[in-house]
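Here is what each chain is made of, one letter per residue.
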Amino acid sequence: MSRLSKALEQRALVKDAIIRTGQRGNPTRPLSINPLGGCSVGLNFTRSTVEVGVIDLGGNFLQHSHRKISSASTQVLIDCVRETIDALAEAKSGHVERIFGVGVALPGDFEEKGRVLAAHPLFADLRHRDLADEFEKRLGLPFFMNSDSNSATVGERLLGAGRNFETYIYVYLGYGVGGGLVIRGEPFFGMNNNAGIIGVHFPDNKPRPSGLDLMNTLHEAGHGVEDFQDLEKIDLAADPACRDWIKRAGGQLRTTLRFPARLIDPEAIIIGGRLPNEVHHMLAVEIDRPDFCTETELEQKMPRPRVLGSMLGARAGVIGAAALPIYAALFNDDAA
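The rules behind these values
- Numbers given for residues are sequential positions, taken from 1 along each chain in its written order.
- Local features in a predicted model are, by the rule used here, given only for residues with pLDDT of at least 70; side-chain atom pairs are given and counted only at 80 or more, and totals for whole chains, interfaces and linings are based on all residues.
- Values reported for side chains reflect all heavy atoms of the structure, with hydrogen atoms and water molecules removed beforehand.
- Between N-to-C directions, angles span 0 to 180 degrees; the directions come from axes that are lines fitted to C-alpha atoms, helices contributing only their stretch in contact.
- Where helices and strands are cited, they refer to DSSP runs of H or I of at least four residues and of E of at least two residues respectively, numbered from the N terminus.
- Geometric relationships in this document are graded by angle, where less than 35 degrees denotes roughly parallel, more than 145 denotes roughly antiparallel, 65 to 115 denotes roughly perpendicular, and other angles denote oblique.
- Should the near helix be turned anticlockwise from the far one by less than a right angle, the crossing is left-handed, and should it be turned clockwise, the crossing is right-handed.
- Note on definitions: a residue-residue contact is assigned when non-hydrogen atoms from the two residues lie within 4.5 Å.
- Think of it in three bands: residues with accessible area under 20% of the maximum for their type are buried, residues over 50% are exposed, and the middle band is partly exposed, with areas taken using a 1.4 Å probe on protein chains only.
- By arc we mean the arc of the directions from the helix axis to the C-beta atoms, nothing more.
- For our purposes a nonpolar core is just a set of buried Ala, Val, Leu, Ile, Met, Phe, Trp, Tyr and Cys residues, chained together by side-chain atoms within 4.5 Å.
- Paired strands, as defined in this entry, are two strands with at least two bridges between them according to DSSP.
- Points on a 1 Å grid, built from protein atoms alone, make a cavity when a 1.4 Å probe fits but cannot get out and make a pocket when they are open with protein on both sides within 12 Å along at least 5 of 7 lines; residues with an atom within 4 Å of a point are the lining residues.
- Grid points are joined across faces, edges and corners, and a volume is the space filled by probe spheres set on the points.
- The residue classification treats Ala, Val, Leu, Ile, Met, Phe, Trp, Tyr, Cys and Pro as nonpolar and Asp, Glu, Lys and Arg as charged. All others, Gly included, are polar.
- Contacts described as polar in this section are N or O atom pairs within 3.5 Å, which, within protein, must combine one atom able to donate a hydrogen with one able to accept it, while residues neighboring in sequence count only if both atoms come from side chains.

1. Description of the packing of helix H2 (residues 74–90) against helix H3 (residues 131–139)
Phase 1: It is the contact of H2 with H3, at a shortest axis distance of 11 Å, that shows an interaxial angle of 40°. When the interaxial angle is binned, H2 and H3 end up oblique. In terms of crossing hand, the pair formed by H2 and H3 is right-handed. The residues of H3 that touch H2, namely those facing Thr 74, Gln 75, Leu 77, Ile 78, Val 81 and Arg 82, are Leu 131, Glu 134, Phe 135, Arg 138 and Leu 139.

2. Here's the deal with helix H5 (residues 211–220)
Phase 1: Buried within H5 are the following residues: Gly 211, Leu 212, Asp 213, Leu 214, Met 215 and Leu 218.
Phase 2: Looking at the buried positions of H5, the neighbouring elements they touch are strand S10 (168–173), helix H6 (240–264) and helix H7 (277–287).
Phase 3: Looking one or two places after H5, you find Gly 222, whose phi comes out positive at around 105°.

3. A look at the side chain of Ser 151
Phase 1: Topologically, Ser 151 is positioned in helix H4 (residues 148–159).
Phase 2: Look past the residues within four positions of Ser 151 in its chain and what remains in contact with it is Val 104, Ala 105, Asn 146, Ala 316, Gly 317, Gly 320, Ala 321 and Leu 324.

4. What about H3?
Phase 1: By the burial criterion, the buried members of H3 are Leu 131, Ala 132, Phe 135 and Leu 139. For H3, the arc enclosing every buried residue in end-on projection is 100°, short of the 170-degree limit, so these residues lie on one face.
Phase 2: Looking at the buried side of H3, the elements it contacts are H2, strand S6 (99–106), strand S8 (116–119) and strand S9 (143–147).
Phase 3: Looking one or two residues beyond H3, the residue adopting positive phi is Gly 140, at roughly 70°.

5. Thoughts on the nonpolar core
Phase 1: Core analysis: the largest hydrophobic core is formed by 66 residues, its most contacted members being Phe 45, Val 102, Val 171, Leu 218, Ile 269 and Ile 271.
Phase 2: If you tally residues by element for this core, the top one is H6, at 8 residues.
Phase 3: Once you skip the residues sitting within four places of it in the chain, Leu 218 turns out to touch His 223, Val 225, Leu 231, Ile 234, Leu 236, Asp 239, Ala 241 and Cys 242.
Phase 4: If you look at the next biggest cluster of nonpolar residues, it comprises 14 residues, including Ala 152, Tyr 172, Val 182 and Leu 312.

6. Quick look at the sheet that holds S9
Phase 1: The sheet built from 5 strands is open, its strands ordered S5-S4-S3-S6-S9 with mixed pairing. The sheet is open, and its two edges are formed by strand S5 (61–68) and S9, each paired on a single side. This sheet shows a mean twist of 15° between the axes of neighbouring strands, independent of strand direction.
Phase 2: Of the strand pairs in this sheet, strand S3 (residues 39–45) and strand S4 (residues 49–56) are connected by 7 bridges, and their pairing is antiparallel. Among the inter-strand pairings, Val 41 is bridged to a residue of S4, identified as Val 54.

7. Examining the layout of surface pockets
Empty pockets left among the atoms are what a rolling probe the size of a water molecule brings to light.
Phase 1: Of the voids in this model, the second largest pocket is the one considered here, and its volume is about 620 Å³.
Phase 2: Along its surface, the second largest pocket is lined by 34 residues, and His 120, Tyr 175, Gly 176, Val 177 and Arg 208 are the ones closest to its centre.
Phase 3: Breaking the lining of the second largest pocket down by element, the ones donating at least two residues are strand S7 (108–112), S8, H4, strand S11 (177–183) and H5.
Phase 4: Taken together, the residues of the lining of the second largest pocket sort by class into 13 nonpolar, 14 polar and 7 charged.

8. Looking at the pairing of S5
Phase 1: Across 7 bridges, the pairing between S4 and S5 is antiparallel. Across the sheet, the residue bridging to Gly 53 is His 64, located in S5.
Phase 2: Counting the residues that bridge the hairpin from S4 to S5 gives 4 residues, and of these Gly 59 lies at a positive phi of roughly 80°.

9. Things to note about the side chain of Asn 44
Phase 1: Note on placement: Asn 44 falls in strand S3.
Phase 2: For Asn 44, a relative accessible area of 2% gives the class buried.
Phase 3: Polar contacts involving the side chain of Asn 44 include one to the side chain of Arg 274, which spans 3.0 Å.
Phase 4: Residues contacting Asn 44, with those up to four places away along its chain left out, are Val 50, Glu 51, Ala 105, Asp 148, Arg 274, Ala 314, Gly 317 and Val 318.

10. Things to note about the environment of Pro 260
Phase 1: The topology assignment puts Pro 260 in helix H6.
Phase 2: Linking Pro 260 and Ile 198, residues 62 residues apart in sequence, is a C-alpha distance of 9.1 Å.
Phase 3: The contacts of Pro 260, once residues within four sequence positions are left out, are Ile 169, Asp 265 and Pro 266.

11. Focus: the environment of Cys 39
Phase 1: By secondary structure assignment, the location of Cys 39 is in strand S3.
Phase 2: Spatially, the C-alpha atom of Cys 39 lies 9.2 Å from that of Ala 323, the residues being 284 residues apart in sequence.

Nothing here speaks to function; it is all geometry.
Here's what the structure looks like:
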């Protein structure tokens, strides 16, 4: 243990502190993560905004910003990351000496070995391209990407409600209906980063429990909703159109989530994504009715998973994206 600890200290990944108790013998030297051991850049975005975060090894934000964009093109996204890295260097932070890489949460699923994005139709510029190759060549840093749902699942595990559970299903409501899995404390992405896709149960040509569907519902009700940040201007808990949507979408999710809940046997199901957190919590209450996972006589005798709203909301995505390079560098070469 001493040799391992010393090796980690030499890499500036952990630090120790001497605690003297006044008793004989060597003082205790508890180890802790060294936040100054490095940092990582995370990127999460919508049609009109980009969120960039720089986190250190302790999970603390060194920088966190939102900015308006005209379109979510590869050029715009690369420029946002480059500006953040340049600002970090100008600040002369000790963290900048070791940037583990850049992680991006992407709106869509993957076509080929987790590298080519089958992007949501609203992000046509990102479709069918090897984004990992483009970003890495342009930025000169290790680049890692995953779906926005998988990224948010990691973020929730690190700093949100997922810290309280070893096995859970994360439901991500954004432009589509995504999901993520944490099994025995480890995120499970699948062979092509496509594990946890829940949206296949809800056809695009019918009402579905997605964040985009809620925005369309509110737009039809007369609200000026163009993107997710516009939802913050509405008293959603009091809005009749939103309440009706919660009832319908919660019922859809309650029916569908029964199947992965019985397949995975999780401790919890966490509802999160792009929507305001009050919506996540209202949906959790609507899903967690007495008939959830109790349709058969056998199920009525079995434990039910807890259903709860995210603690981080939309912020989980950028935290999880920034964590991807750290996971890859320190823990798991397959984390990307």
